[in-house]
Amino acid sequence: MIMTTTTAIIMATDTPMDNGSLYRLMTWLSPSFPVGAFTYSHGLEWAVEEGAIHDRESLTAWLTDLLELGGGWSDAVLFRNAYQSAAAGDWDAFDEAAELALALGPTRERRMETVQQGKAFILATRATWPWSVADAPRFDGDVAYPVAVAAVAAGHGVPPEPALHAYLHAFAGNLISAGVRAIPLGQTDGQRALAALEPVVAGVCERALAAGLDQVGGAAFLSDIASMKHETQYTRLFRS
């Protein structure tokens with residue numbers, strides 16, 4: 001059973017993070033970790049071509065909606081539930097979250113984006129940061145990226161709140177990097193956008209830590225349409 005009580009959440013989020021956990025998070029969610037995140041734009045490239053995103057303000061607004069109402073929120077809820085079940089050793093509940101994460105991919109490219117990064121994350125951590133159930137058969141097939149990161153974080157005892165916060169920061173940071181290249185924006189404007197998203201990421205993290213799988217969902221429809229349109233976009237820098 002997934003731990004959903006207030007007591008379980010408080011116990012988990014109050015766990016102190018040591019320097020080793022911080023080091024791992026900084027490594028795993030760094031742009032240099034070999035998951036290929038820089039090759040994906042989550043449909044943002046099409047939105048830039050169509051003019052929906054054209055400057056720092058429109059990029060920040062797009063990513064705010066994505067984090068609060070779209071893929072960012074869904075990833076956060078899936079992460080939280082996958083983490084809690086992996087930490088508790090409840091693999092039936094973990095598999096439920098993992099299967100739902102794969103089923104929720106709205107387009108071919110979005111599924112590819114999460115699966116390719118998830119598989120790459122598992123392979124890289126197996127080779128460099130192995131954990132107790134690294135070789136379990138459930139990790140040999142398709143694994144969504146948030147589920148993969150959650151499982152490894154739980155396996156290494158990294159507390160869930162900073163782990164999720166770091167995941168969402170990386171999610172936002174990667175898409176800002178895509179915007180910097182595609183719009184294009186200057187590096188300083190990219191950092192201003194990331195700074196503006198700090199309270200958004202914090203709020204999504206806080207809400208997701210108390211959310212069950214029944215709260216997965218969103219209303220960022222234009223982001224899904226952008227992903228569909230990107231599949232047939234004539235000139236592309238990104239894979240999604």
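Before reading on, note that the structure itself is shown above.
Remember, predicted model here, so these are calculated numbers, not experimental data.

Rules and cut-offs
Residues numbered from 1 in each chain as written. Predicted model: local features only at pLDDT ≥ 70, side-chain atom pairs only at ≥ 80, totals over all residues. Heavy atoms only, no water. Helix = DSSP H or I, 4+ residues; strand = E, 2+ residues; numbered from the N terminus. Contact = heavy atoms within 4.5 Å. Areas by Shrake-Rupley, 256 points an atom, 1.4 Å probe, with all protein chains shown as cover. Lys, Arg positive; Asp, Glu negative; His and termini not counted. Charge placed at Lys NZ, Arg CZ, Asp CG, Glu CD. Axes fitted to C-alpha atoms, helices over the stretch in contact; angles between N-to-C directions. Left-handed = near helix turned anticlockwise from the far one by under 90°. Nonpolar A, V, L, I, M, F, W, Y, C, P; charged D, E, K, R; others polar. Buried < 20%, exposed > 50% of the residue type's maximum accessible area, 1.4 Å probe, protein only. Arc of directions from axis to C-beta. Salt bridge = Lys/Arg side-chain N within 4 Å of Asp/Glu carboxyl O.

### Description of the overall build of the protein chain
Secondary structure summary: the protein chain contains 12 helices and 0 strands in total. Counting helices and strands in the order they occur from the N terminus, the protein chain gives α-α-α-α-α-α-α-α-α-α-α-α. The principal-axis extent of the C-alpha atoms belonging to the protein chain is close to 45 × 35 × 35 Å. Relative to all contacts within the protein chain whose residues are 6 or more apart in sequence, the contacts with residues 24 or more apart total 83%. Just so you have it, the protein chain exposes about 11,000 Å², and 56% of that area is on carbon and sulfur atoms. Of note, the protein chain has its 15 positive side-chain charges centred 6 Å away from the centre of its 27 negative side-chain charges.

### Examining the packing of helix H4 (residues 56-69) against helix H5 (residues 71-88)
If you want to describe how two helices pack, look at the angle between their axes and the distance between the axes. Following both chains from N to C, one finds H4 and H5 inclined at 35°, their axes separated by 4 Å at the closest point. As for the relative orientation of H4 and H5, their crossing is right-handed in sense. Two secondary-structure elements touch here, H4 through Leu66, Leu67, Glu68 and Leu69 and H5 through Gly71, Gly72 and Trp73. Residues that form the contact of H4 with H5 fall into these classes: 4 nonpolar, 2 polar and 1 charged.

### Section: helix H11 (residues 198-208)
Residues three or four positions apart in an α-helix share a direction because the helix packs 3.6 residues into each turn. For H11, the complete set of buried residues consists of Val200, Val201, Val204, Cys205 and Ala208. Take H11 and look down its axis: the buried residues cluster within an arc of 130°, on one side only. When the buried face of H11 is taken as reference, the exposed residues oriented beyond 90 degrees from it are Glu198, Pro199 and Glu206. Buried-residue contacts for H11 involve H4, H5, helix H9 (160-182) and helix H10 (187-196).

### A word on the pattern of salt bridges
Considering all chains together, one arrives at 10 salt bridges under this definition. Here Arg56 and Asp189 are joined by a salt bridge, their closest N and O atoms 3.0 Å apart. Residue Arg56 is found in helix H4, and its partner Asp189 is found in helix H10; the two are separated by 133 residues along the sequence. According to the relative accessible area criterion, Asp189 is partly exposed, its value standing at 22%. Across the pair Asp189 and Arg192 runs a salt bridge, and its minimum N-O distance is 2.9 Å. In this pair, Asp189 and Arg192 are both assigned in helix H10, 3 residues apart and thus about one turn of the helix distant. A residue is classified by how much of its surface remains accessible, and Arg192, at 46% relative accessible area, is partly exposed. Among the charged side chains, a network of salt bridges with common partners joins Arg56, Glu57, Asp189 and Arg192.

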